[in-house]
Amino acid sequence: MLLFIPFQPAAQAQLRGISYSKRFLDSLQRDTFRYFWELGDNPHGLIPDRHPTPSFASIAATGFGLTAYLIGVERGYISHQQAAERTLKTLRFFNSAPQSAQEKGTTGYRGFFYHFLDMKTGHRYKQVELSTIDTALLLAGMLSSQSYFHQNTAMEKEIRTLVDRIYRRVDWQWMQVRKPLVSMGWHPESGFIQSDWKGYNEAMILYILALASPTHPVSSDAWTEWTSTYEWHEFQRFPHVNFDPLFGHQYSHIWIDFRGIQDAYMRQKGIDYFENSRRATLANRAYCMENPGKFEGYEADLWGLTACDGPKDTVINGQTFFSYRARGAAATQVVDDGTIAPTAAGGSIPFTPEESIRTLQLMKHRYGKKLYGPYGFKDAFNLSYPGQWFDNDYLGIDSGPILLMTENYRTNLIWNLMMHNAILRKGLLRAGFRGGWLRS
């Protein structure tokens, strides 16, 4: 029996594909938003690191959450008033939370905050570090709130005032123990971490905020030194600044539209950081398609290596598997145990929309409730692990880029908002960025 397939003009097929993608992205954003809105409903307005496994709060995920609320308003999930109230609760907490050099009973020191906080008390979780990058990601979320809530009401005035106060007290210079670079963090028990932010990674946003500080700024040679440590290589036929996990090519781009603006390094290379992230994403995908480790499930529309959960730290039949680990592929390093994370493709939607959206659609269609639930995509899966492994948890720092970067792809909402943020503009200009929207 012959199956009759009616002729369908290419344009009509394309429109149908766009319609399907719209419905998929609508549901993806709505579901992922719930992670931040529902789980952030607590006395301090903090976002848990993961769910449903009981966990501490992540200050980076809280920064993503503050920006997520703006998307919630614009997409009609919540009201403007609801978003302002939740934002103010979070800001009031960070503004008044204890800051001291004590080991316990404190939330931060010198304006920085601890990486993880106890969900109930809001104080430092165990012996985690005072984190410079996680503080920067939290601040970026706060600055998006400051730019968005611009009305002349008492509530929105307080939002803007608190963000300014919290940002101004961060002592970036104190963290420059090996000038001009910035240390990764500090422990009250042992002092500064013996590593600085260099080599290209997620810390672009950190240096831009540090350069723009009106109270404790780093000097412009910090950016020059930072870029001097880049590793430019060709990987999978794509020449770019290498960093193996994809989150490093995504995080700073959540708040900054790097299209058409260049610092001295990128002017020399003839591209911008947006194009660099596009190449890094395509190289990551090409590596997965090549699949030198012969892992199960890797294909053209099933790829994505980045920092994520994993099955277990173990060796089975000679194959090493990891639990949480920064996985990735670059000329500088490959860390691959067969674990794929939806956030790798989802956080790269603006860079590779066709490849990323197809991959996410296939993941949801093929694996259903094993991988996708009420809060969108669970964190990761590994088909090569005996019995196949699917994560039970959602992770805030991985759900955030999916939601926020999808919105940038669809409407430029965050990018357009932050183009007018005086702090980011100042930081970019001090770093030597020129051209594009910075001219206006």
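What you see is a predicted model, and the numbers here were worked out from it, not measured in a lab. (Residues numbered from 1 in each chain as written. Predicted model: local features only at pLDDT ≥ 70, side-chain atom pairs only at ≥ 80, totals over all residues. Heavy atoms only, no water.)

### Description of the pairing of strand 9 (residues 232-235)
Consideration 1: Sheet topology places strand 9 next to strand 10 (residues 238-241); 4 bridges connect them, and they run antiparallel. Each bridged residue has a counterpart across the sheet, and for F235 the counterpart in strand 10 is F238.
Consideration 2: The hairpin turn running from strand 9 into strand 10, its antiparallel successor, is 2 residues long, and Q236 in that turn takes a positive phi close to 55 degrees. (Pairing = 2+ DSSP bridges. Helix = DSSP H or I, 4+ residues; strand = E, 2+ residues; numbered from the N terminus.)

### Some points on the side chain of S58
Consideration 1: Within the secondary structure, S58 sits in strand 2 (residues 57-58).
Consideration 2: Given the relative accessible area of 1%, S58 is considered buried.
Consideration 3: A polar contact of 3.4 Å, which involves the side chain of S58, links it to the backbone nitrogen of A60.
Consideration 4: Setting aside residues no more than four positions away along its own chain, S58 makes contact with I47, P48, D49, H115, F116 and I397. (Buried < 20%, exposed > 50% of the residue type's maximum accessible area, 1.4 Å probe, protein only. Polar contact = N/O pair within 3.5 Å; in protein donor to acceptor, adjacent residues only side chain to side chain. Contact = heavy atoms within 4.5 Å.)

### Looking at the pattern of salt bridges
Consideration 1: Taken as a whole and assessed by the stated rule, the structure comprises 19 salt bridges.
Consideration 2: Between E158 and R92 there is a salt bridge, with its nearest N and O atoms 2.8 Å apart. Taken together, the residues E158 in helix 5 (residues 154-168) and R92 in helix 3 (residues 80-96) connect sequence positions 66 residues apart.
Consideration 3: Taking the relative accessible area as the measure of exposure, R92 reaches 42% and is therefore partly exposed.
Consideration 4: Beyond isolated ion pairs, a larger network of salt bridges with shared partners links D49, R50, D309 and D393. (Salt bridge = Lys/Arg side-chain N within 4 Å of Asp/Glu carboxyl O.)

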